[in-house]
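# Coordinate analysis (summary)
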2 protein chains.
Amino acid sequence: MALGPGSQTHADVLRSTIRGAGLKVTAPRVAVLDVLQHAPHSSAEQVFAEVRKSLSGTSAQAVYGILAAFTGAGLVRRFDPPDSPALFECRVGDNHHHLACIGCGLIQDVDCVIREAPCLTPSDDSGFTIFSAEVTFNGLCRTCQSNRAPQTA
Amino acid sequence: MALGPGSQTHADVLRSTIRGAGLKVTAPRVAVLDVLQHAPHSSAEQVFAEVRKSLSGTSAQAVYGILAAFTGAGLVRRFDPPDSPALFECRVGDNHHHLACIGCGLIQDVDCVIREAPCLTPSDDSGFTIFSAEVTFNGLCRTCQSNRAPQTA
DNA sequence: CAGTTGTTTTGACAGACTCAAAACAACTGC
DNA sequence: GCAGTTGTTTTGAGTCTGTCAAAACAACTG
């Protein structure tokens, strides 16, 4: 890839994404965003471990702070599956949902059939102003199904 | 209320509910189920505090164990809102969803318009066998809206 | 009423996350 | 470029939620 003077590296894109959200651009922030793009559904600790591979001086608290800042700025989405620490991903604003495997904890994205706002309009909002909806399907993934199927005793 | 020999007290109903789920009936279990019926969306600690009012000898670990047993038996439903410990409720199997207030943490039940399985059928289940769906709407409750509205600066 | 089985207590412990203050780095204007 | 301001990161301690294991105990069976 010949990168001419006008072209942007991947890191440049990350930087402008961060700045575009009104946040200062720092090395750990770029690293966190990069990790999240390559490994969605990561826990804070997983992000931390990945970031340390390139930026060994980064602290765990920095990662928590960055994830909180990104979540607040709408750059990443956080969700709390049962029996798991909070997970983070940067697919945001496209209204997709999650399949969670009860057996192995695998998380998979699913697009909603109704593209816009699925059950985003509850029958009775009780005066709430809804900002976002989190839809999580609990089930068993293909692998866990075959592992458990034999136990039909 | 004249309770004749054939009638059931509330405690009797609780006991047969527990036994019906294949679990042994014990005082702390009855108490936990009772608390959950009167105060849905309770955290483990809230349940523990309530239970101790009537059964002062009960331990926190017992409550955790009971909640886990009830959840496994399908008697109660557990869900994990962001920025909050896990909550428990005994409305189960009626496919209702939750409104969560970002401001004050208030949780409110909502019935789904589509009565059976709302987004319970994702567009692509990726080979998963779906057991249940958790739908959480994040927003601001009426009270928090009026508290924040003035800050239009 | 005794035996078996499962529950609860007790106490230690681990994981996820937060708080506060000092050291530090990014963006502003000069 | 360079200093100043503002916000970020580090460091270190600490909190909260929830887990594990073994012994004491209570509920259901016959």
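The structure presented is a predicted model; accordingly, all values stated were derived computationally and were not measured.

Another point: the protein's contact with DNA strand D. Taken together, 19 residues sit near DNA strand D, with Lys24, Thr26, Gly57, Ser59 and Ala62 of chain A positioned nearest. Restricting the count to atoms of DNA strand D within 4 Å of the protein gives a sugar and phosphate share of 73%. Within the backbone of Gly57 of chain A, one N or O atom sits 2.9 Å away from a phosphate oxygen of DNA strand D. Contact distances for DNA strand D include 2.8 Å between a phosphate oxygen and a side-chain N or O atom of Ser59 of chain A. Sorting the residues of the surface near DNA strand D by element identifies helix 2 (27-38) and helix 4 (60-73) of chain A together with helix 3 (44-54) and helix 4 (60-73) of chain B as the ones contributing at least two each.

Of all residues adjacent to DNA strand C, which total 18 residues, the nearest are Lys24, Thr26, Gly57, Ser59 and Ala62 of chain B. The sugar and phosphate moieties of DNA strand C supply 73% of its atoms located within 4 Å of the protein. Between DNA strand C and Lys24 of chain A, the relevant distance is 3.3 Å, taken from a base nitrogen to a side-chain nitrogen or oxygen of the residue. Of all the elements in the fold, those that place two or more residues in the surface near DNA strand C are helix 4 of chain A together with helix 2 (27-38) and helix 4 of chain B. Ranked by the residues each element gives to the surface near DNA strand C, the list is headed by helix 4 of chain B, at three residues.

With respect to the element layout, Glu134 of chain B can be found in strand 6 (residues 129-140). For Glu134 of chain B, a relative accessible area of 12% puts it in the buried group. What Glu134 of chain B contacts, discounting residues up to four positions off in sequence, is Glu134, Val135, Thr136 and Asn138 of chain A together with Arg77, Phe79 and His98 of chain B.

For the rest of this paragraph, the subject is the environment of Arg77 of chain A. Residues and elements named next belong to chain A. Mapped onto the elements, Arg77 comes out in strand 2 (residues 77-79). The buried category is assigned to Arg77, whose relative accessible area is 13%. Remark: the alpha-carbon pair of Arg77 and Leu67, spanning ten residues in sequence, is separated by 9.2 Å. The residues contacting Arg77, other than those within four sequence positions of it, are Leu87, Phe88, Glu89, Arg91, Val92, Asp94, His96, His98, Ala133 and Glu134. A polar side-chain atom of Arg77 sits 2.8 Å from the main-chain carbonyl oxygen of His96. A distance of 2.9 Å separates polar atoms of two side chains, one belonging to Arg77 and the other to Glu134.

Moving on to the environment of Pro82 of chain A. All names here are of chain A. With respect to the helices and strands, the residue Pro82 is situated in the loop between strand 2 and strand 3 (87-89). Residue Pro82 is classed as partly exposed on the basis of its relative accessible area, which comes to 32%. The sequence separation of Pro82 and Asn138 amounts to 56 residues, and the corresponding C-alpha distance is 9.6 Å.

This brings us to the sheet that holds strand 1 (residues 42-43) of chain B. All names here are of chain B. Read from one edge of the open sheet, three strands run 1-3-2, paired in antiparallel fashion. Bordering the open sheet on either side are strand 1 and strand 2 (77-79), each of which pairs with just one other strand. By the bridge criterion, three bridges tie strand 2 to strand 3 (residues 87-89) in an arrangement that is antiparallel. Bridging from a neighbouring strand, Arg77 pairs with Glu89 of strand 3.

Conventions used here
What you see as residue numbers is a count from 1 along each chain, following the sequence as written. For naming, the first written chain is A and the first written ligand is 1, with later ones following in the order written. Side-chain atom pairs in this predicted model are given and counted only at pLDDT of 80 or more, local residue features only at pLDDT of at least 70, and totals for whole chains, interfaces and linings cover all residues. Side-chain numbers here rest on the full set of heavy atoms in the structure, without hydrogens or water. Whether a residue is near a molecule or strand depends on its heavy atoms: it is near if one of them lies within 4 Å of it. Distance and chemistry together define a polar contact, namely a pair of N or O atoms within 3.5 Å, with one atom able to donate a hydrogen and the other to accept it when in protein, and with adjacent residues in sequence counting only for side-chain atoms on both sides. Secondary structure is summarised from DSSP: a helix means a run of H or I of at least four residues, a strand means a run of E of at least two, and numbering begins at the N terminus for each. Three exposure classes are used, based on accessible area relative to the maximum for each residue type with a 1.4 Å probe and protein chains only: buried under 20%, partly exposed in between, and exposed over 50%. By the convention used here, residues are in contact when the closest approach between their heavy atoms is within 4.5 Å. The pairing criterion for strands is at least two bridges between them, as found by DSSP.

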